[in-house]
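Understanding the architecture of this molecule
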Amino acid sequence: VQLQAFGGGLVQAGGSLRLSCAASGRTFSSYDMGWFRQAPGKEREFVAAISWSGGSTYYADSVKGRFTISRDNAKNTVYLQMNSLKPEDTAVYYCAAGQAMGVMRYEYEYWGQGTQVTVSS
């Protein structure tokens, strides 16, 4: 599976962005998907995950209630809707595919290249 994330940009605090992650390959629908982010000087951290069917989701406490992960298996795409953005959400956001809805990096086999999100105060 090859993944390409896009949709990042510069937004003011309180604003919204929607990230997309397009996958190639016919097996996309068999993978659980996750979003991670990495801020400058920090470790890459878990943001959200969604099961292969879309029936289950899980969020980091820091984004719960503000971010929504979803997927469209017919379009081989997973989304991350980000609302009420804060300056501390500034990071490079990565999508990943794996066989479990994990919160750890090693639980995901395939990674996209990342897209920059910058939230100004």
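Residue numbers run consecutively from 1 along every chain, following the written order of its sequence. Whole-chain, interface and lining totals are the exception, using all residues; otherwise, since this is a predicted model, local features are given only for residues with pLDDT of at least 70 and side-chain atom pairs are given and counted only at 80 or more. Note: side-chain values were computed over all heavy atoms of the structure, leaving out hydrogens and water.

1. A look at the pairing of strand S1 (residues 2–6)
- Burial classes follow relative accessibility: with a 1.4 Å probe on protein chains only, a residue under 20% of its type's maximum area counts as buried, one over 50% as exposed, and anything between as partly exposed. Helix and strand assignments follow DSSP, with helices taken as H or I runs no shorter than four residues and strands as E runs no shorter than two, numbered in order from the N terminus. Burial along S1 is one-sided: Leu3 and Ala5 are buried, and none of Gln2, Gln4 and Phe6, which face the opposite way, are.
- Examined bridge by bridge, S1 and strand S3 (residues 17–24) share five bridges and lie antiparallel to one another. If you follow Phe6 over to S3, its bridge partner there is Ser20. At least two DSSP bridges between two strands are needed for those strands to be called paired.

2. Brief notes about the sheet that holds S1
- Spatial ordering of the open sheet is given by S1-S3-S8-S7, a layout of four strands whose pairing is antiparallel. Strands at the two margins of the open sheet, each flanked by one partner only, are S1 and strand S7 (67–72). On average, each strand axis in the sheet is tilted by 15° relative to the strand beside it, whichever way the strands run.
- Where S3 meets strand S8 (residues 77–82), six bridges bridge the pair, whose relative direction is antiparallel. Bridge assignment links Leu19 to a residue of S8, and that residue is Leu80. Think of each axis as a best-fit line through the C-alpha atoms, taken over the contacting stretch in the case of a helix, with angles from 0 to 180 degrees between the N-to-C directions.

3. What to know about the nonpolar core
- The nonpolar core is taken to be a set of buried Ala, Val, Leu, Ile, Met, Phe, Trp, Tyr and Cys residues, with the residues joined through side-chain atoms within 4.5 Å. Grouped together as the largest cluster of nonpolar side chains are 35 residues, with contacts concentrated most on Met33, Trp35, Leu80, Met82 and Tyr93.
- Contributions of two or more residues to this core are made by S1, S3, strand S4 (32–38), strand S5 (45–50), S7, S8, strand S9 (91–98) and strand S11 (115–120).

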